Amino acid sequence: MESLKGQGLWLLVLLILATSEQVKADNPSTLDKQPKCFGISRGKNFILGFADFADNWWDTIFDDIHLSIVVVAFSDQKTTVTISSKHHVEGQPLYERFDLEAGGYRITNVSTELLMNGTERSFKGIEVTATSEVSVYGLSSYYPYSTDGFLGIPVSSLGLQYIVTPTLFFTSFAVIGTEESTSVQVTLRGPVTFEGQSYSPGDQLNFMVDRLEAIQIQGSQDFTGSLIQANKPIATFTNSRWYGLKEQFIPVKSWGQNHIYTAFQSTDQNLYQIIAYFSGTSVTIPKIGKLNLNTGEVWDGWLSGSGLVSSSQPTLMLQTLQSIKNNSVYPSLIQVPAIEQFGYVFGFVTPPNARVDSGGYFNFINIVVKTNAQETVHLNGSPINGSQIPVHENKVPNTNYTALSVQLPKGEGVYFVEQTDPLSSPLSVIVYGYGSVYFESYGYAAGLSLPSNGQILHFSTYYLRELGGETFRITLQCLQDEVQSYKTSKCKFLTGIGNILISGHSVDPYTTVCITPTFYMNGFTSVYVSLDEGETFPYSGVVYITSEEYLPPLITVNQKQTSTGNGVIDLTKDDDLFLTWDPYSVGEGIETVNIIMQDSDYNGDGHPVLLEGVSLKNNVLNNGKIQISTELINDKSLTTAWPSLVAFYLQPNGQQSSPNRFYSGVNHVTKFLPKSCSLFLERLKNIPKGLPPCPCTFAQASVDSLNFVLSNEFISFYHPGAKDCFRSTTSSSLGSGQQCCYAKDGNILIGPPGGGTADRYSPEDHFWKHQWYDVLPWFGCCKSTQNCKTYYNYRPSDDCSKYVPPLPAAGTGDPHITSLDGKRFTFNGAGEFLMASSILHDLIFQSRMEVYHQTNACVYTAFVVQMTDSSTVQVQISNSNEVLVLVDGEQLLMRSSRVQVQHFRGFRLSFTSDFSEIRIAFNAGIAIIVYIKHDFMSFTAQLNEKFKDQVQGLLGNLNGDPEDDFQFPNGTIMNPESSMEEIHKYGLHWLVVKEESIFTYLSPYDYNTYYLPDFLPTFDVPNPHDVSPEIKDLCGSSLECIFDAVTTGSLSFANETLLVSGIINQIQKSSVKLVSCGFPGSVDNAIMTGSVYLVNSTVEVKCFDGFTLEKGLPTLTCQSNGQWSSTLPLCTMMKDDALADVGLSTLAIIFIVLGAISLCLIIIITTFFIVKQKQKNKIAGGSLDMLRVGDSK
């Protein structure tokens, strides 16, 4: 790639955009009062592409093709710019990095190999990144007739919906991904053959693109009107067969409804195209009248002079410039600015020459502004109406706008157009011209104000609760005057089970407030805002949904007399509920609240959801407590299926808008019913599979940061007998999670009641489904009934027999490295180094080492990890010793986070409250713990065994042999007993070159800041006997600690080395595979003793009385080969002859007892009949006497 400075093509017009910022800075009063959404599209990240039309005819017309990228800086500081592509040019990927001074610019030539050719899939997308805001433009020159350029749209302003725009003759278009695994759907308006399959007009073409991957579609017919829809932002481009007209599409969300087109003279006729996205769009065109356009339909026709085109829905309008002052010219393509895209300050240059015409172009500008605001429009600092250049005023018919047309001097020139009154009307500027020889033309809109996905929504709450009910304040910075008084805002939340629409209310002209719904997901989700009752949602942003697992409830719920368990309510007992809360958190001046209950049930898709709330008590005094009877809960409940999930919340009275909801968290409400377990068999039927096996001991689990994390919440209730439980750090592809529990002796527990379980849904990733499919069935089987064994049949404990500890590595101090195979050595270079890489998942793990405080020591100051199936994560210490975490180059707002666990694409991130320890566990099989000590770092790393023999870098080759870990990039092996100086030279072979660094650099620092290959550390190893007593007392026999204490002169530094060295020692000690024979199974009609299944452990089987041992031994021993010494025996009922052999022992006692019982029964029955007979005779005599008395009456 070649770079040019100074004189260049006419698109130096873009240079002046930077100068316009200086104009703004010189007029702060104007800048302070004007709307915040004015200005030119600019940003820090752009993705460009050069679409082309492959045609032999094309090649015969144009002698030469040139591609260029122009970058213009806006900052008053130095800006570092990187231009790169994954596509290889001359065997190397495109890469250039350079600095721009304040307000500087640069034109960089791009190889024509990056020009897309026909229908193809390639990596010809070009990324431009900058440390401060820039404008970026693509240039294409087709000698000798045609030049065209396009305005690059920042990634933050890209969208999801596009329509292929019309150009002259046939149109090709290209789609470039900005994120990995982006799904794109194109509804075609023309036929095409793509990747071996033919498509007709009306067909849907579906494909996936990764980041910087480009798909160009070219056919024999026009594609104008084709709809493009993606699930992630994409960049789209078009190209016409003739004249090489190129444009980057504007996303539909940025279109406008009022376009004012202009011409220098009223007799100038130009071709215009209007395209619709929304079906039934009514368009009013001067002298044409009203017409209706449906989705993707285009009106094209000739219009003269100036006019207003209005539409009922947003549209896109293009001008194909073909006439200037009644001169016919070769066409150029111009996007007609909508009034919604007007701005306040524009800067531009006119082209230096018109090919062979050395005198330059005839140059013109058209300015559109409200008639009553034209007096405050300035050209190059002077009122335009007072300038010496003639101004032609053309009233735009049927509007209050005027088009000011100015013919500028021929040739190159620098111009500024500014609306100096910030309270007046914004304006638009069109720049155009033509040459006198070939009548080649140029034209462009000097700037467009486009909404930004990343900047348009500003949230006061970035982290949201899963249960919802929070005030969500959204600032919309780019509202124009016409919509500042909106009253009908709506928020659309992606909740995990669909989109929820919430009505909002405005608190000021730039702010709307919505109450968040209940979310059924964790992690990042999207929010959209509408200002037109939900017709369109042009504003969007991203928030993080925090799992209820990590948040304390805003209301605590307890029963008065009993405590069944945390969050558990027992309705079988007459025991009132006590709800308590902090009355001050409800809001200032809130005197009363309403208490509401939400039951749960399935929705139509089988997902557990909370139902509409049912009021329990209204107008309750906001004193922080209330008592509610279980009878009231039973009466108000909407469900008859127990156990179930219930949430309580209170809602403040007296709020003018929709009130907040203060939740209790999710409560498990149960009734102890005898058949509860059978009700849950349907939910239990899917037995989780594909989970990581459990470690055999607590010691193994506690150091396995790759697979497990300690999770001891309420284990005494759910896992009685367990001392500690761990959960898997990530869920399986089906959402399942592993749980492992351990007894006081540190050995794994298996089966009920204390053993861990294979959960159908991991609580970290699927909180609601975990409650529904794992926790509630546990209540039904293990609490309401005594069928816990049934539950464990479906949610079994893992027996650890297949567990293989991940292989550890580490780095600490003046870097002392422990390789993945256990080789320990010291390498202290200065720069960025490859610690580990693998073709498996395209793993790249890089570290940054810097010189420590002007000593001969180096320390770790940053780490970055990248894999194909996850986001890139970087941890570093800033120049001010602040801990920073960047995900895909964006800094996390960790200090505003409510929780210390977050989930991202492909990995789990957790950190301590003081940010001294950051843990990153990737789904693909690598975990890193970063330890931060003020101004330096240490790390431990663990890799899954699948990486064995698949790794290279400073951490070795992971083949089990530490003696060959000094392996060079070319595969040769260095002597494992090499000196420190030799090791230093070896380590420099793993120094990352500039093009291969995956670090994100924070201005003003870049790769060269840290690149110090000539740094020489000390190679002298101190004698432990010669060091000071203080060092001896601290370090003992640790040579690494002694080395660092002497080299840095800091005992604190040496102490950190000692601590991390101790951690890696413990990890290595516990990362030895233990042979386990696994759970041997159970024996019916027997008692089994022994719950440890490691080598030399025994299990005893004792049959019940009346049963005898068969086909096995009563004692099983776990052998070193992982097999039990015998199969499990059977306990079968004794036969008659066996019973005879028993003698008078058991059976004799049984018969004696039965005989005695029989004799007693005979005596009792005989006595009963004798007594009964005597009573009968006596009653018979009495009756006769009574009869006689009666007769006498």
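So, a few notes on the structure that sits alongside this text. This is a predicted model, so every value here is computed, not measured. (Residues numbered from 1 in each chain as written. Predicted model: local features only at pLDDT ≥ 70, side-chain atom pairs only at ≥ 80, totals over all residues. Heavy atoms only, no water.)

Below, the discussion takes up the side chain of Lys232. Position of Lys232 among the secondary structure elements: in strand E17 (residues 227-240). The buried charged residue Lys232 lacks any salt bridge partner; its closest oppositely charged side chain belongs to Glu179, at an N-O distance of 4.4 Å. A distance of 3.4 Å separates a polar side-chain atom of Lys232 from the backbone oxygen of Ser181. Ignoring sequence-local partners within four residues, the contact set of Lys232 consists of Gly159, Leu160, Glu179, Glu180, Ser181 and Thr182. (Helix = DSSP H or I, 4+ residues; strand = E, 2+ residues; numbered from the N terminus. Buried < 20%, exposed > 50% of the residue type's maximum accessible area, 1.4 Å probe, protein only. Lys, Arg positive; Asp, Glu negative; His and termini not counted. Salt bridge = Lys/Arg side-chain N within 4 Å of Asp/Glu carboxyl O. Polar contact = N/O pair within 3.5 Å; in protein donor to acceptor, adjacent residues only side chain to side chain. Contact = heavy atoms within 4.5 Å.)

Turning our attention to the state of the cysteines. Counted according to the given criterion, the structure contains nine disulfides. Disulfide partner of Cys677: Cys781, at an S-S distance of 2.1 Å. One disulfide, between Cys677 and Cys781, carries an S-S torsion of 80 degrees and so falls in the right-handed class. Taken together, the residues Cys677 in the loop between strand E53 (662-670) and helix H6 (681-684) and Cys781 in helix H9 (residues 767-783) connect sequence positions 104 residues apart. (Disulfide = S-S within 2.5 Å.)

Bringing the sheet that holds strand E38 (residues 490-494) into the picture now. Taken in spatial order, the five strands of this open sheet run E36-E43-E42-E38-E39, and their pairing is mixed. Whereas interior strands pair on both sides, the edge strands pair on one side only; in this sheet they are strand E36 (463-465) and strand E39 (499-503). Ignoring which end each strand starts from, the neighbouring axes of this sheet average 35 degrees apart. Judged from the four bridges that link them, E38 and strand E42 (residues 523-530) form a sheet pairing that is antiparallel. When the sheet's bridge partners are listed, Cys491 is paired in E42 with Val529. (Pairing = 2+ DSSP bridges. Axes fitted to C-alpha atoms, helices over the stretch in contact; angles between N-to-C directions.)

Our next topic: the nonpolar core. One finds Ile69, Val71 and Ile228 to be the most contacted residues of the largest nonpolar core, which totals 73 residues. Those residues in contact with Ile228 that sit more than four places away from it in its chain are Leu160, Gln161, Tyr162, Val164, Phe173, Val175, Val184, Gln185, Val186, Ile234, Thr236 and Phe249. Phe833, Leu843, Met867 and Phe922 belong to the second largest nonpolar core, which has 54 residues in total. (Core = buried A, V, L, I, M, F, W, Y, C linked by side-chain atoms within 4.5 Å.)

Reading across the sheet, the three strands line up as E44-E46-E51 and stay open at both edges, with antiparallel pairing between neighbours. The open sheet is flanked by strand E44 (555-559) and strand E51 (625-628), the only strands paired with a single partner. The average angle at which neighbouring strand axes cross in this sheet is 20 degrees, direction not considered. Sheet topology places E44 next to strand E46 (residues 577-581); five bridges connect them, and they run antiparallel. The residue of E46 that forms the bridge with Thr556 is Thr580.

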